[in-house]
Amino acid sequence: MFFMMDVSGSMTQNRKYLARSFFFLLYHFIRCKYENIELVFLAHDTHAYEVNEDKFFHRGSAGGTMVSSVYEKQLEIINERYHPDTWNIYSFHCSDGDNWRSDNLKTVSLISLLKEICQIVGYCEINDSLSDDSWFVDKDKLANVLDSLEDDKFRISLIGKKEDVWPQFSKLFGGKYDLK
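Here is what the cut-offs are and how they apply
- Residues numbered from 1 in each chain as written.
- Predicted model: local features only at pLDDT ≥ 70, side-chain atom pairs only at ≥ 80, totals over all residues.
- Heavy atoms only, no water.
- Phe/Tyr/Trp six-rings, centres within 6.5 Å; stacked < 30°, edge-to-face > 60°.
- Helix = DSSP H or I, 4+ residues; strand = E, 2+ residues; numbered from the N terminus.
- Buried < 20%, exposed > 50% of the residue type's maximum accessible area, 1.4 Å probe, protein only.
- Salt bridge = Lys/Arg side-chain N within 4 Å of Asp/Glu carboxyl O.
- Pairing = 2+ DSSP bridges.
- Right-handed = clockwise from strand over helix to strand, strands pointing away.
- Core = buried A, V, L, I, M, F, W, Y, C linked by side-chain atoms within 4.5 Å.
- Contact = heavy atoms within 4.5 Å.

### Focus on the packing of aromatic side chains
Argument step 1. Applying the stated rule across the entire model yields 15 aromatic pairs.
Argument step 2. Plain terms: the ring middles of Phe 3 and Phe 41 are 5.4 Å apart, the flat faces sit at 70° to each other, and that makes the pair edge-to-face. Of this pair, Phe 3 sits in strand E1 (residues 2-6) while Phe 41 sits in strand E2 (residues 40-44), and the two are 38 residues apart along the sequence. The residues Phe 3 and Phe 41 share a single accessibility class, namely buried.
Argument step 3. Each member of the aromatic cluster is reached from another via a ring pair, and the members are Phe 3, Phe 22, Phe 23, Tyr 27, Phe 29, Phe 41, Phe 56, Phe 57, Phe 92, Trp 166 and Phe 169.

Printed below as a string of structure tokens:
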């Protein structure tokens, strides 16, 4: 399972708190349900890099954002260590939606590729709303590019405040984990 987080300068203290809250919940859920699972922690700004669990949950922010870098790093690690014929691969990414415009098409292409090899690709936008500033809004067409990608394998959620974390977590897993 891949945990991927945007640590760029636009990820404010509050956004990082919300992303880490989501991943903390996911981490404990996975550890309670499964004994044999490997977790890979990736952080990114303009470049993606693998980090250990401690750095993932405590790292500060830096630089700009190039979202495709984290998906490229994930594919590199999958090719080196987790062949899809022998591993079930799950991918979860939290970002605030900021990205270099020139990187958007590449990012969408990489998500399409990951959908072919992963059981689930989850994307959590850590923002108050899905705005025109999000990387997946086609500025020329003013259309939400992710709408064409969203299906059973690619799931999108929006976390704007701490009360959103549980409902969006549940949404990513098909609403199976309602507390009521």
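The structure having been displayed, the exposition proceeds.
### Section: the environment of Glu 116
Argument step 1. Among the structural elements, Glu 116 can be located in helix H4 (residues 104-117).
Argument step 2. Linking Glu 116 and Pro 84, residues 32 residues apart in sequence, is a C-alpha distance of 9.6 Å.

### Regarding the pattern of salt bridges
Argument step 1. Using the criterion set out here, one finds five salt bridges in the structure.
Argument step 2. Between Arg 81 and Glu 50 there is a salt bridge whose closest N-O contact spans 3.0 Å. Taken together, the residues Arg 81 in helix H3 (residues 68-81) and Glu 50 in strand E3 (residues 48-51) connect sequence positions 31 residues apart.

### So, the pairing of strand E5 (residues 120-126)
Moving residue by residue along a regular strand, the side chains alternate between the two faces of the sheet.
Argument step 1. Within E5, seven of the seven residues are buried, which leaves it mostly tucked inside the rest of the structure.
Argument step 2. With burial as the criterion, each face of E5 is covered, one bearing Ile 120, Gly 122, Cys 124 and Ile 126 and the other bearing Val 121, Tyr 123 and Glu 125.
Argument step 3. As paired elements, strand E4 (residues 90-95) and E5 share six bridges and run parallel to each other. Along E5, the bridge assignment pairs His 93 with Tyr 123.
Argument step 4. With respect to chirality, the unit in which E4 leads through H4 into the neighbouring parallel E5 is right-handed.

### Some details on the pairing of E4
Argument step 1. For E4, the tally of buried residues reaches five of six residues, placing the bulk of the element in the interior.
Argument step 2. Sheet analysis places E1 next to E4, joined by four bridges and oriented parallel. Looking across to E4, one finds that Phe 2 is bridged to Ser 91.

### Topic: the nonpolar core
One recurring pattern in soluble globular proteins is that nonpolar side chains are buried together.
Argument step 1. If you look at the biggest cluster of nonpolar residues, it comprises 29 residues, and the most contacted ones within it are Phe 3, Phe 22, Phe 23, Leu 26, Phe 41, Phe 56 and Phe 92.
Argument step 2. Going through the elements one at a time, E1, helix H1 (13-33), E2, helix H2 (53-58), E4, E5 and helix H5 (165-172) are the ones with two or more residues in this core.
Argument step 3. The element that contributes the greatest number of residues to this core is H1, accounting for eight residues.
Argument step 4. One finds Val 67, Leu 75, Tyr 82 and Val 121 within the second-largest nonpolar core, a separate group that totals 23 residues.

### Concerning the environment of Leu 18
Argument step 1. With respect to the helices and strands, Leu 18 occurs in helix H1.
Argument step 2. Note on Leu 18: relative accessible area 2%, which makes it buried.
Argument step 3. Placed 144 residues apart in sequence, Leu 18 and Lys 162 show a C-alpha to C-alpha distance of 6.2 Å.

### Here's the deal with H5
Argument step 1. Listing the buried residues of H5 in full gives Val 165, Gln 168, Phe 169, Ser 170 and Leu 172.
Argument step 2. Here the buried face of H5 lies against H1, E4, E5 and strand E8 (154-159).

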